[in-house]
Amino acid sequence: MQNPLIKTGIECVPAVEWVKMRTEMYWGTLQPKASDALQGMVEQLAVLGCDDIKTLIAGDWYYVGSRHDWLKSGLDKAQTLENLFGRGYGFPEAGETALRTEFFLSIFAENLLVWRNQRLANIKGEYAVEQRRQLEANFYDGVAVAFNGNAYETNA
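Here's what I pulled together on the structure shown here.

Reading the values: the criteria
- Residues numbered from 1 in each chain as written.
- Predicted model: local features only at pLDDT ≥ 70, side-chain atom pairs only at ≥ 80, totals over all residues.
- Heavy atoms only, no water.
- Helix = DSSP H or I, 4+ residues; strand = E, 2+ residues; numbered from the N terminus.
- Buried < 20%, exposed > 50% of the residue type's maximum accessible area, 1.4 Å probe, protein only.
- Contact = heavy atoms within 4.5 Å.
- Phe/Tyr/Trp six-rings, centres within 6.5 Å; stacked < 30°, edge-to-face > 60°.
- Lys NZ or Arg CZ within 6 Å of the ring centre and 35° of its normal.
- Core = buried A, V, L, I, M, F, W, Y, C linked by side-chain atoms within 4.5 Å.

**As for the overall build of the protein**
The helix and strand inventory of the protein stands at nine helices and five strands. Listed by position from the N terminus, the elements making up the protein come as α-α-α-α-β-β-α-α-α-β-β-α-β-α. In the protein, buried positions account for 40% of the 156 residues. Considering only contacts in the protein between residues 6 or more positions apart, those separated by 24 or more positions represent 59%.

**Concerning the packing of aromatic side chains**
The geometry of an aromatic ring pair is captured by the separation of the ring centres together with the interplanar angle, meaning the angle of the planes. Tallied over the full model, the rule gives four aromatic pairs. When the ring of Phe 108 is compared with that of Tyr 152, the centres are 6.5 Å apart and the planes differ by 35°; the resulting orientation is tilted. Of this pair, Phe 108 sits in helix α7 (residues 101-108) while Tyr 152 sits in helix α9 (residues 151-154), and the two are 44 residues apart along the sequence. Following the ring pairs from residue to residue traces out a cluster consisting of Tyr 62, Phe 108, Phe 147 and Tyr 152. The cationic tip of Lys 54 hangs over the ring face of Phe 139; the distance from NZ or CZ to the ring centre is 5.7 Å.

**Quick notes on the nonpolar core**
Looking at soluble globular proteins, one finds that nonpolar side chains tend to be buried together. Core analysis: the biggest nonpolar cluster contains 34 residues, and Trp 70, Leu 71, Phe 85, Phe 108, Leu 112, Val 145 and Phe 147 have the highest contact counts within it. Elements with a minimum of two residues in this core: α4 (34-47), β2 (61-66), α5 (72-78), α6 (81-86), α7, β3 (111-116) and β5 (143-148). Each residue touching Leu 71, except ones within four places of it in the same chain, is listed here: Leu 81, Leu 84, Phe 85, Arg 100, Glu 102, Val 114, Arg 116 and Val 143. Membership of the second largest hydrophobic core comes to nine residues, among which are Trp 61, Tyr 63, Leu 120 and Ala 144.

As structure tokens, this is what we get:
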């Protein structure tokens, strides 16, 4: 049987491009803001059972994390942080069609860091020593993300 997508001429669009083309569908607004990304992460952590969620805004950087390793459930499927943030993994805890927020955060942010196991992972972009200091000081034994920049504004 022939693939119906080929037969009808429908073009497959990469997931990242689809999300960028449909901002209102995924962000609820035509121009997502850092506060939207931060809120999405807080909601995900709450659904995953984190009862000690901490947020911080320092300059133009946003931080969110918990002592609970909320990334573990996503890494069971994704295997690596790069995969978890770079692909749209299902988030059944939040609903049948929900996707994990890391994917959307990776699309939104120009610079993105993960603090886990007392180590810093640079998912994308650049950072300064100050961001590492903030993560160590505020999330030392926990798991956190730090991000800044708005790729939607840069690419507009």
